[in-house]
Amino acid sequence: LFAFISGYLYYQSMKHYSGFYDMLGKKVKRLLVPYYVGLVAAVLPMHLIIYKDVPWNLGSIMVYASTALQGEHLWYLQTIFWVTLLFYPLLLLLEKANKPILFLLVGAVLIGIYLMPLPAYTLVLRYSWYYYIGYLVARSKSFLQEFTQKHLLIARGVGVGLTAVFLAGQVFLQRYYEKY
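Enquirer: Residue-level account of the overall build of the protein, with values.
Expert: Counting its regular elements, the protein contains eight helices and zero strands. When the helices and strands of the protein are read in sequence order from the N terminus, they spell out α-α-α-α-α-α-α-α. Considering the protein as a whole, with its 180 residues, one finds that 31% of them fall into the buried category. Sequence separation of at least 24 residues holds for 70% of the intrachain contacts in the protein that already meet a minimum separation of 6. Of the roughly 11,600 Å² of accessible surface on the protein, 71% is carried by carbon and sulfur atoms.

Enquirer: I'd like a description of the nonpolar core, backed by residues and values.
Expert: If you look at the biggest cluster of nonpolar residues, it comprises 23 residues, and the most contacted ones within it are Tyr 10, Phe 87, Leu 91 and Tyr 132. At the level of elements, helix H1 (2-13), helix H2 (20-51), helix H4 (75-97), helix H5 (100-115) and helix H6 (123-139) are the ones that each hand at least two residues to this core. The greatest single-element share of this core, amounting to eight residues, is contributed by H4. With sequence-adjacent residues up to four places away left out, Tyr 132 is seen in contact with Phe 87, Leu 91, Leu 94, Leu 102, Phe 103, Val 106, Gly 107 and Leu 110. Counting residues in each nonpolar core, the second largest holds five residues, with Leu 44, Val 54, Ile 61 and Tyr 64 among its members.

Enquirer: Give me the lowdown on the confidence of the model for the protein, citing residues and values where you can.
Expert: Across the protein, pLDDT averages 80, with 87% of residues at or above 70. Across the protein, the element-wise mean pLDDT spans from 73 in H5 up to 88 in H1.

Enquirer: Describe in detail the packing of aromatic side chains, supporting the description with residues and values.
Expert: For the coordinates displayed, the defined rule picks out 14 aromatic pairs. Both rings, one in Trp 75 and one in Tyr 76, keep their centres 6.1 Å apart while their planes meet at 85°; by these two values the pair is edge-to-face. Trp 75 sits in the partly exposed class, given a relative accessible area of 28%. Taken together, Tyr 10, Tyr 11, Tyr 17, Phe 87, Tyr 131, Tyr 132 and Tyr 135 form an aromatic cluster joined through their ring pairs.

Enquirer: Now, about the pattern of salt bridges: what can you tell me, with residues and values included?
Expert: Inspection of every chain in the model, using the stated rule, returns two salt bridges. The closest approach of N and O atoms between Lys 26 and Asp 22, which form a salt bridge, is 3.5 Å. Here Lys 26 pairs with Asp 22, and both are found in helix H2, just four residues apart, close to one helical turn. The class for Lys 26 is partly exposed, based on a relative accessible area of 22%. One salt bridge in this structure joins Arg 139 and Glu 95, with 2.6 Å as the shortest N-O distance. A residue pair is termed long-range when its members are at least 10 positions apart, and Arg 139 in helix H6 and Glu 95 in helix H4 qualify at 44 residues. Exposure remark for Arg 139: the relative accessible area of 26% places this residue in the partly exposed category.

Enquirer: Help me get a handle on H6, residues and values and all.
Expert: Its 17 residues give H6 an end-to-end C-alpha distance of 24 Å, which sits within 8% of 24 Å, the value for a rise of 1.5 Å per residue. Taken as a whole, H6 carries its principal kink of about 30° at Trp 129.

Enquirer: Provide a residue-level description of H1, including the pertinent values.
Expert: For H1, which comprises 12 residues, the first-to-last C-alpha distance of 16 Å matches the rise-based estimate of 16 Å (1.5 Å per residue) to within 8%. Looking only at H1, the buried set comprises Ala 3, Ser 6, Gly 7, Tyr 10 and Ser 13. Projected down its long axis, H1 carries its buried residues within an arc of 130°, all on one side. Looking at the buried residues of H1, the elements they touch are H4 and H6.

Enquirer: Tell me about the layout of surface pockets, and please be specific about residues and values.
Expert: What the largest pocket holds in volume is close to 950 Å³. What lines the largest pocket is a set of 26 residues, and nearest its centre among them are Ile 133, Leu 136, Leu 144, Val 158 and Leu 162. Put simply, the parts of the chain that give the lining of the largest pocket at least two residues each are H5, H6, helix H7 (141-150) and helix H8 (152-179). Across the lining of the largest pocket, the residue classes tally to 18 nonpolar, six polar and two charged. Empty space within the second largest pocket amounts to approximately 230 Å³. Contributing to the lining of the second largest pocket are 14 residues, with Ser 6, Leu 9, Tyr 17, Lys 27 and Leu 31 lying nearest its centre.

How each quantity is defined
Residues numbered from 1 in each chain as written. Predicted model: local features only at pLDDT ≥ 70, side-chain atom pairs only at ≥ 80, totals over all residues. Heavy atoms only, no water. Helix = DSSP H or I, 4+ residues; strand = E, 2+ residues; numbered from the N terminus. Buried < 20%, exposed > 50% of the residue type's maximum accessible area, 1.4 Å probe, protein only. Contact = heavy atoms within 4.5 Å. Areas by Shrake-Rupley, 256 points an atom, 1.4 Å probe, with all protein chains shown as cover. Core = buried A, V, L, I, M, F, W, Y, C linked by side-chain atoms within 4.5 Å. pLDDT = per-residue confidence, 0-100. Phe/Tyr/Trp six-rings, centres within 6.5 Å; stacked < 30°, edge-to-face > 60°. Salt bridge = Lys/Arg side-chain N within 4 Å of Asp/Glu carboxyl O. Expected span 1.5 Å × (residues − 1). Bend = angle between axes of the 7 residues up to and from the residue. Arc of directions from axis to C-beta. 1 Å grid on protein atoms, 1.4 Å probe; cavity = no way out; pocket = protein on both sides within 12 Å on 5 of 7 lines; lining within 4 Å. Points joined across faces, edges and corners; volume = space filled by probe spheres on them. Nonpolar A, V, L, I, M, F, W, Y, C, P; charged D, E, K, R; others polar.

Right, here's the structure in full:
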């Protein structure tokens, strides 16, 4: 849900970026700064004081902060940063080309990645599908409204079909990871 909302809002905010470095600076300020502040202010003290799995010396703390903390509960901020960085050039190219088939091709590739049994550290790839769908919904909001009003039955069928594909993919992935 968060990745979908981020993709939707990314489309809304694209016009506010003057270029790649402007977007990068804003994303660092809004996503990575809170991520690292949260790690240092909340997560690291929890490991030092409660779990006691980090020794109280600067070298150990620095190593732990730069490696082991990456999967903590603030993972979303870092993941969305990398998804946005990945999509920025791709979406600019798609917008310039303005070919619907390219949007479908990218969607097909992302569905394939989504359904692949990938390790947990590939969150950027896994969540890029939802980000892309959010982006497409924002981009084609008026088209979707017109289409669903005219073809309500087809729109519902597509919605049910997509839901079935995602649920089947989740069941497949869960069974795959239970084996290992």
